[in-house]
Amino acid sequence: MYKPCRGEAGVSAPGKRVIWVAGTAVLVCVLIGLYIGFYLTTSPGDASASAVRTPVGTQLYLATVAASELSDPHPTWVSYYQTDARDQNWHHATTYELPRNSLVHVTIYQFDGQSGLRNPFIAQATGVIGGSFELNGKPTRTIDPDAASHIFAIPQMGVSVPLAGIPDSAKNPCDNAPCPLSTDHETISFTIRTPGPGLYRWQCFVPCAAGYIDGFGGPMQSVGYMDGFIKVV
Amino acid sequence: MNEVHHFRRVLLIWVVSSVIFTPLVVFVLAPGIPPGDGTVQSAGQVTDNAVLFGLSTPIALAVLVFFAYSLIVFRERQPEAVLDGPPVRGHAGIQLWWIVVTSVIVLSLAGYGTARMLDDGAGGGQGPNPIAKPDPSQPPLQVQVIAQQWKFLFRFPGYGGVETAHLELPSNRMIEFHVTSLDVIHSFWAYQLGVKADATPGADNIAYVQTKKPLGFDIHCAELCGVWHGYMFDKGAVVAPTQFTAWIRQQQVRFAPIRKSLPPYSTTYFPEPQKRAG
């Protein structure tokens, strides 16, 4: 006659329920933990670009355009691009990799028009070496707030640089990226010192999203157009 | 075992556990809960939290004790013996006591909260016409908080309207915050200061804080305001008055170049132009 082994006789019905509930709770906790873990450890890795190290220092060349390239999912959205010293090799990237504790010389070719600042205070540059930047080769500390097109700001580093827009009377504006230097643009350059390794956010402070209420939507609310990250390594 | 016996046992367990745990919660746990004693308002909030904990602990214990007692004592160990019980009927005495006790608790808390709010505003935004004003014998330091996506900026009308990118405050001084926004609704929240006030476009939201000794504090936006809401934070400091004076002078010099471009100080701003955007 079959005699159940010790322990085989069975788990009672309430015991089974307890096991099911406990198992489900553990599974849910593990899934939540994995979700949080992946969220906290995931950093933007795609579409990133590194600054160029040259004998005269680290160089980062960027460009701001009124509209992305026609092949972009949002060809009407204002955006940043990474390019090079001669404005030749355009690359849609808003995550930039910079060396830690270094001086980085940033040059921005600004092809977009003027929007104006909501707060004129940020028309003054902060966080740049020497307290000023160069606007078309001229040392500058502030610009006309109404002439601003964008702000290149890295709040966690205290960096904020106003980018003057091309005037409304510009004869040869660029419609979509990539924009050749032969079209109307402003050239802004400045130097920053990077902190220790980490992920730092950058953003534009001008609500510059054409076609959206007060310019707040679209590229201003989507990572990868008027905002992104600085990966300091 | 009759029902009266159960009631007495539950009541006894509840009384004993309340006598043990309520003082522990009020005098050991509650004082360590934020926001701390950095300002008069934050210290007041700690006291308010202790009062709430002191009242809610016996209530929570009543629920937990009855729950645990029911699980242990009323559990039917022979499921097949479960039968439909007698119908539950109302009990006028219990209903009356329930209404009286809960009404007294809620009305007492409402009275306590109202009195505390009228006392000093409790660090909350009171709108453009605050009711709970500070002692008029001490002129407050006015600080305007200007929010925009995704940054707080600060303006000091008592110092020529200088605007700063960060916030420092003098110790032992009444601060009168004027909180507004340039775009969407934000919320200025510096919990160590005990202040939290919504930043609404076109509105002047006033909140009072009485600082004490020097301390560092965090500033966060407490209103979901867009994709970078989570990054809308900064660090501030309460410093000695002499240190604050030196700092504000330094800010005046540093931001002198942009001073002429700032609009005259106003409780609200309606930024123009919006040439292309919108």
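Keep in mind that what you see is a predicted model, and the values were worked out from it rather than measured. (Residues numbered from 1 in each chain as written. Chains lettered and ligands numbered in written order. Predicted model: local features only at pLDDT ≥ 70, side-chain atom pairs only at ≥ 80, totals over all residues.)

Some details on the interface of chain B and chain A
By a widely used convention, the size of an interface equals the accessible area lost when the partners come together. Taken residue by residue, the interface counts 28 residues in chain B and 30 residues in chain A. Those elements that place two or more of their residues in the side of chain B that touches chain A are strand S1 (141-148), strand S2 (151-156) and helix H5 (256-259) of chain B. Of the residues in the side of chain B that touches chain A, the class split is 17 nonpolar, six polar and five charged. (Contact = placed C-beta atoms within 7 Å. Helix = DSSP H or I, 4+ residues; strand = E, 2+ residues; numbered from the N terminus. Nonpolar A, V, L, I, M, F, W, Y, C, P; charged D, E, K, R; others polar.)

Comments concerning the nonpolar core
Residue and element names in this part refer to chain A. Val65, Val78, Ala148, Ile151 and Val161 are the most contacted members of the largest nonpolar core, which has 57 residues in total. If you list the elements that add at least two residues to this core, you get strand S3 (57-65), strand S4 (79-82), strand S6 (103-110), strand S7 (133-135), strand S9 (148-154), strand S10 (159-164), strand S11 (186-193) and strand S13 (227-232). Residue contributions to this core peak at five residues, all from S9. Beyond its immediate stretch of four places on either side in the chain, Val78 contacts Val65, Ala66, Ala67, Asp112, Cys208, Ala209, Ala210, Pro219, Tyr225 and Met226. (Core = buried A, V, L, I, M, F, W, Y, C linked by C-beta atoms within 7 Å. Buried ≥ 20, exposed ≤ 12 C-beta atoms within 10 Å, placed from the backbone.)

Describing the environment of Leu98 of chain A
Residues and elements named next belong to chain A. Along the chain, Leu98 falls in strand S5 (residues 95-98). In sequence terms Leu98 and Lys171 are 73 residues apart; their C-alpha atoms lie 36 Å from each other. Among all residues touching Leu98, those that are not within four sequence positions of it are Ala51, Thr58, Leu60, Val104, Thr194, Ile230 and Val232.

Regarding the sheet that holds strand S3 (residues 162-164) of chain B
Residues and elements named next belong to chain B. Ordered in space as S3-S2-S1-S5-S8, the five strands form an open sheet in which the pairing is mixed. With one partner strand each, in any of the chains shown, S3 and strand S8 (205-210) form the two edges of the open sheet. Adjacent strand axes in the sheet meet at a mean angle of 25°, parallel and antiparallel pairs treated alike. In terms of strand pairing, S1 meets S2 through five bridges, oriented antiparallel. By the bridge assignment for S2, Gln148 is matched with Lys151. (Pairing = 2+ DSSP bridges. Axes fitted to C-alpha atoms, helices over the stretch in contact; angles between N-to-C directions.)

Considerations on the environment of Ile20 of chain B
Residue and element names in this part refer to chain B. Looking at the element boundaries, Ile20 is found in helix H1 (residues 3-29). On the basis of neighbour count, Ile20 is assigned to the exposed category, with 10 C-beta atoms found within 10 Å. Separated by 241 residues in the primary sequence, Ile20 and Ser261 place their C-alpha atoms 64 Å from one another.

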